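Descriptive analysis of the structure
What follows is the residue order along each chain.
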Amino acid sequence: MFNAVNEAEALELLHQSGCTDGLPVVIPTRDRVDRLVLASGLDSDVDLGAMGPGGGAATVEKLAINAVMAGCLPDQMAVVLAAVRAILQPAFDLGEMQSTTHSTAPLMIVNGPVVGHCDIAGGFGALGPGHRANASIGRAVRLCMMNIGGARPGVSDMALLGHPGKFSFCLAEDEMSSPWEPLATAYGYSSDESVVTILGAEAPHSVVFTNDADDKDSPQRLLRALAVAIANTGSNNANLSGGATAIALNPEHAQVLADAGMSRSDVQAELQRMAVNTRGQIRSFNTGFIAAGDDNDLIPAVRRPTDIVLFVAGGAGLYSAVFPSWAAGTHRNSVVHEIVATDATCELPWK
Amino acid sequence: MRDGIEVARRGIAAVALVTEQFWLQGDSVATSAGMPDIPRLRLPHPVAGSGHDAMERVAQGIAARIVAVLSGSAAPDNELTSAV
């Protein structure tokens, strides 16, 4: 608890104590925090679990404090809660992930009715500035990771460089522009459920592709371009042979593959098959990770098709993106999901 | 858009062709380039890469309107949009 004579002084205290991400925050006054606790529909002392690496208790009140600082609106609390529950799943290896020297950050992809309700962007510039919900929700999770999880750069968060997605890394799938079923349904959820899907990811690597509808090889060219990006020999996926990766297909590129008769699972399977290097190729860059063996062996960058989180987002045009992952940790920093429990929120008296 | 504006500034009738996905950007560029009322017509998206036949259909479908807007006998889409 800090005491300050005004909000300007409070902001300086928060900066000095290392509680911010370096940008100005909304001061978490008692009233503001209570408002978001109420919006959560849970008691303030409900403990979602210990957050690594510091092991702080992720109580609803602490989430609300960080969500206030991030600028969240009450309706966005349900998404923050779901995202924190997701990254606390043991399969996500949060404590190890926060401590690694790799530049990984939790990429949050939201599906379902909550996308429209909270105005989470999935189109043009969805991972860039100018989208309040995306910025606030992602930032809230990051502030939780810092202030509850205890991640501090160079002390406990040992990312050598990091990336801008460590400020905020949240977007929606553009379900309306997708030729396929929503991403979350591919993982067993129904289309009327709101779900957040999270994986630890690098910054997006742009993949340029020019379609030519008169070229029958066009869909295969797109798959090859994506597969090379997945298997890029600078990635942990290629060197450690496994882990998850994400692909944000822009609607135009997704349509090229759908028009070729490919479902989402077809694309995942093809990319998993195609995203390979030979052992010799990997060894020519790095000898520290790859096991000994025949240099002609094909080494997959991704072990299972479902480890390729394939979603539709961004404006329509030339560019899609591949997000390699850290691919390490006890569970290889698995992809995690959590339902956004919008029905648990209280009726908000100020609405 | 900027090409259309440059042509119009030379006193030559011009119409900018803008695909659906970039319609809002077209408004923004027209305004920032100082000619917010530059006539523009809306095309489907994508045009590039859609194949010879599809591009020919787009061209066939829009050619008469381009001529009509250039000759002043029809309103461009941005005037129709702003009238809504």
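Reference entry: report on the structure contained in this document. (Residues numbered from 1 in each chain as written. Chains lettered and ligands numbered in written order. Predicted model: local features only at pLDDT ≥ 70, side-chain atom pairs only at ≥ 80, totals over all residues.)

1. A few points about the overall build of chain B
Which entries qualify depends on this criterion: Helix and strand assignments come from DSSP, with helices taken as H or I runs of at least 4 residues and strands as E runs of at least 2, each series counted from the N terminus. Exposure is read from a count of other C-beta atoms within 10 Å of each residue's own; the residue is exposed at 12 or fewer, buried at 20 or more and partly exposed in between. C-beta atoms are placed from the backbone. For the purpose of contact definition, each residue receives a C-beta atom placed from its backbone, and two residues are in contact when these atoms lie within 7 Å.
If you tally the helices and strands in chain B, you get four helices and two strands. Taken from the N to the C terminus, the helices and strands of chain B come in the order α-β-α-β-α-α. Over its C-alpha atoms, taken along the principal directions, chain B stretches across nearly 35 × 30 × 25 Å. A buried classification covers 20% of the 84 residues belonging to chain B. A separation threshold of at least 6 residues defines the contact pool for chain B, and within that pool the share at least 24 residues apart is 64%.

2. Some details on the nonpolar core
Residue and element names in this part refer to chain A. In plain terms, the rule: Nonpolar cores are built from buried Ala, Val, Leu, Ile, Met, Phe, Trp, Tyr and Cys residues. These are joined into a set through C-beta atoms within 7 Å. Domain delimitation in this document rests on an assignment produced automatically or drawn from a domain database.
Membership of the largest hydrophobic core comes to 106 residues, with the highest contact counts inside it found for Val79, Val80 and Ala83. Each of two domains, domain 1 (7–202 + 330–341) and domain 2 (205–324), supplies a minimum of three residues to this core. Ignoring anything within four residues of it in the chain, the contact list for Val79 reads Val110, Val114, Cys118, Ile137, Val196 and Val340.

3. Structural notes on the sheet that holds strand S12 (residues 336–339) of chain A
Residue and element names in this part refer to chain A. What counts is decided by this rule: In short, DSSP must find at least two bridges between two strands for them to pair. Interaxial angle, 0 to 180 degrees, is taken between N-to-C directions of lines fitted to C-alpha atoms, where a helix line uses only the stretch in contact.
Read across the open sheet, the four strands follow the order S4-S3-S5-S12; overall the sheet is mixed. The open sheet has two edge strands with one neighbour each: strand S4 (170–172) and S12. Taking each pair of neighbouring strands and ignoring which way they run, the sheet shows an average axis angle of 25 degrees. Where strand S3 (residues 105–111) and strand S5 (residues 195–201) come together, seven bridges link them in antiparallel fashion. Counterpart to Asn111 in the pairing with S5 is Val195. Where helix H7 (residues 132–147) meets the sheet, its contacts fall on S3 and S4, and the angle it forms with S4 comes to roughly 135 degrees.

4. Concerning the interface of chain A and chain B
The condition that has to hold: Polar here means any residue outside two lists: the nonpolar Ala, Val, Leu, Ile, Met, Phe, Trp, Tyr, Cys and Pro, and the charged Asp, Glu, Lys and Arg; Gly therefore counts as polar.
Tallying the contact residues gives eight residues for chain A and eight residues for chain B. Of the residues assigned to the side of chain A that touches chain B, the class counts are two nonpolar, three polar and three charged.

5. Here's the deal with unusual backbone geometry
Pro53(A) follows Gly52(A) through a cis peptide bond whose omega is 5 degrees. With respect to the secondary-structure elements, Pro53(A) resides in the loop between strand S1 (47–51) and strand S2 (56–59). Here the residue pair His45(B) and Pro46(B) is connected by a cis peptide bond, since its omega of 0 degrees sits within 30 degrees of zero. Mapped onto the elements of the fold, Pro46(B) is located in the loop between strand S2 (40–43) and helix H3 (52–70). The phi angle at Arg332(A) is positive, at roughly 60 degrees, despite the residue not being glycine. By secondary structure assignment, the location of Arg332(A) is in the loop between strand S11 (319–323) and S12.

Shape is all these values report; function is a separate question.
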